[in-house]
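So the chains spell out like this:
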Amino acid sequence: MPTLILVRHGRSTANTEGLLAGWTPGVALDERGAAQAAALPGRLAGLPLAEVVTSPLQRCQETIRPLLDALPGLRAHTDERIGECHYGDWSGRKLAELKDEPLMEVVQAHPSAAAFPGGESMRAMQTRAAEAVREWNARVERDHGADAVYLMCSHGDIIKSLVADALGLHLDLFQRISVEPCSVTAIRYTRLRPFLVRLGDTGDFASLAPHEEPPGDQAPVGGGAGAP
């Protein structure tokens, strides 16, 4: 079965403003995010990408544009199932405000029970994304062979949930996973089991250096903004 390259979108204006974007329209890459996207073709050079699949949201579309420009033989397929979690009434709100919501404790400690008001549950988010990957695995293998490599550009919580699925982790453990903006995660699927071969690789270790404000023990909903 194929190898899946999961790319989180580059840093967005919502990331730098501390907003939970969700499906809010008009959320673009910021200056750093655009630079991250521009560097993506070089980072992935040498990978024979058979297909590119993307979330319909603007920040993902902008992230893969330089890659598609560098590989004119490829076109992007849009799949809503790998779009961001539907955060409902939380969408567009400041993360600093949301941390005091009672639901946030559930999102952090028991996400399989978390359902966003006016949105979807985290369980439903994982299910639709995992179904999309399984269908694309079969399609890519059928059209390009079992050793094919393909790419999906998606969002932090989606990618974390797919990593948990690949590792056989309960969704309640997925907040232990971290994927920064424009990071690359790779999962090699086989008949019996998936293998996680890269996780959140940015090629940059700046985010591991001490911060002025320690990151704390809460997982950033939506994925966080990465290194300052």
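These numbers were taken from a predicted model, which means no experiment stands behind them. (Residues numbered from 1 in each chain as written. Predicted model: local features only at pLDDT ≥ 70, side-chain atom pairs only at ≥ 80, totals over all residues. Heavy atoms only, no water.)

### With respect to the packing of helix α2 (residues 31-43) against helix α3 (residues 58-70)
Stated formally: Inter-axis angles, ranging from 0 to 180 degrees, are taken between N-to-C directions of lines fitted to C-alpha atoms, where helices are fitted over the stretch in contact. Each helix is a run of DSSP H or I of at least 4 residues and each strand a run of E of at least 2, with the numbering of both proceeding from the N terminus. Definitions for this section: a left-handed crossing has its near helix turned counterclockwise from the far helix by less than a right angle. A right-handed crossing has that turn clockwise. Two residues form a contact once any of their heavy atoms are found within 4.5 Å. Residue classes follow a fixed rule: Ala, Val, Leu, Ile, Met, Phe, Trp, Tyr, Cys and Pro count as nonpolar, while Asp, Glu, Lys and Arg count as charged, and any other residue, Gly among them, counts as polar.
Look at α2 against α3: their axes get within 8 Å of each other, and the N-to-C directions meet at 35 degrees. As α2 packs across α3, the resulting crossing turns out to be right-handed. Between α2 and α3, the contacting residues are Ala37, Ala38, Leu40 and Pro41 on the first element and Glu62, Thr63, Pro66, Leu67 and Ala70 on the second. Class assignment of the residues belonging to the contact of α2 with α3 gives a composition of seven nonpolar, one polar and one charged.

### Quick notes on unusual backbone geometry
For residues that are not glycine, phi is negative in most cases, and the peptide bond is trans in most cases. For Cys182, which is not glycine, the phi dihedral falls at a positive 60 degrees. Here Cys182 is to be found in the loop between α7 (156-167) and β5 (184-189).

### Observations concerning the packing of aromatic side chains
Stated precisely, the cut-off is as follows: Centres within 6.5 Å make a pair out of two Phe, Tyr or Trp rings, where for Trp the six-membered ring is used; the pair is then stacked when the planes are under 30 degrees apart, edge-to-face when over 60, and tilted otherwise. Only protein chains enter the accessibility calculation, which uses a 1.4 Å probe. A residue is then buried if its area is under 20% of the maximum for its type, exposed if over 50%, and partly exposed in between.
Per the counting criterion, the structure on display carries two aromatic pairs. Taking 5.0 Å as the distance between ring centres and 85 degrees as the angle between the ring planes, the aromatic pair formed by Tyr87 and Phe116 counts as edge-to-face. With Tyr87 in the loop between β3 (76-78) and α4 (95-98) and Phe116 in the loop between α5 (102-109) and α6 (122-144), this pair connects stretches of sequence that are 29 residues apart. For Tyr87, a relative accessible area of 0% puts it in the buried group. For the pair Trp90 and Phe116, a centre-to-centre distance of 5.3 Å together with 65 degrees between the ring planes defines the contact as edge-to-face. Of this pair, Trp90 sits in the loop between β3 and α4 while Phe116 sits in the loop between α5 and α6, and the two are 26 residues apart along the sequence. Here Trp90 matches Phe116 in class, with each residue buried. One aromatic cluster is present, formed by Tyr87, Trp90 and Phe116 through successive ring pairs.

### Some words on the packing of α6 against α7
We count it as follows: Each angle is binned into one of four classes, with values under 35 degrees roughly parallel, values over 145 roughly antiparallel, values of 65 to 115 roughly perpendicular, and all other values oblique.
Running from N to C, α6 and α7 point in directions that differ by 70 degrees, and their axes come no closer than 9 Å. Put simply, α6 runs roughly perpendicular to α7. Of α7, the residues touching α6 (which contributes Met122, Met125, Gln126, Arg128, Ala129, Ala130, Val133 and Arg134) are Asp157, Ile158, Ser161, Leu162, Ala164 and Asp165. Residue composition of the contact of α6 with α7, by class: eight nonpolar, two polar and four charged.

### Observations regarding the pairing of β5
Note the threshold: Strands are labelled as partners when DSSP assigns at least two bridges between them.
Of all the six residues making up β5, five are buried; the element is thus mostly covered by neighbouring parts of the structure. Relative to β5, strand β1 (residues 3-8) runs antiparallel, the two being bridged by five bridges. Bridge pairing in β5 links Ile5 to Ala186. Where β5 folds back onto strand β6 (residues 194-201) in an antiparallel hairpin, the turn is made up of four residues.

### A few points about the UniProt feature "active site" (unreviewed entry) in the chain
Stated formally: UniProt positions are given in the numbering used here, feature names are shortened, and annotations may be inferred rather than shown by experiment. In protein, a polar contact means a hydrogen-donor-capable atom and an acceptor-capable atom, both N or O and within 3.5 Å, with residues adjacent in sequence counting only if both atoms are side-chain atoms; elsewhere, any N or O pair within 3.5 Å suffices.
Under the present numbering, the feature "active site" (unreviewed entry) in UniProt falls on His9 and Glu84. In terms of the greatest pairwise C-alpha distance, the residues named above, spread along 76 residues, form a tight cluster of at most 10.7 Å across. Tracing the backbone shows His9 in the loop between β1 and α1 (13-17). At a separation of 3.5 Å, a polar atom in the side chain of His9 contacts the side chain of Arg59.

### Notes on the pattern of salt bridges
Let me state the cut-off plainly: Just to be clear on terms, a salt bridge is a Lys or Arg side-chain nitrogen sitting within 4 Å of an Asp or Glu carboxyl oxygen.
Using the criterion set out here, one finds nine salt bridges in the structure. With its nearest N and O atoms 2.9 Å apart, the salt bridge here joins Glu135 to Arg81. Highlighted residues: Glu135 in helix α6 and Arg81 in the loop between β3 and α4, separated in sequence by 54 residues. Residue Glu101 is joined to Arg93 by a salt bridge in which the shortest nitrogen-to-oxygen separation is 3.1 Å. Judged by its relative accessible area of 27%, Glu101 falls in the partly exposed class. Residue class for Arg93 comes out partly exposed when judged on its relative accessible area of 26%.

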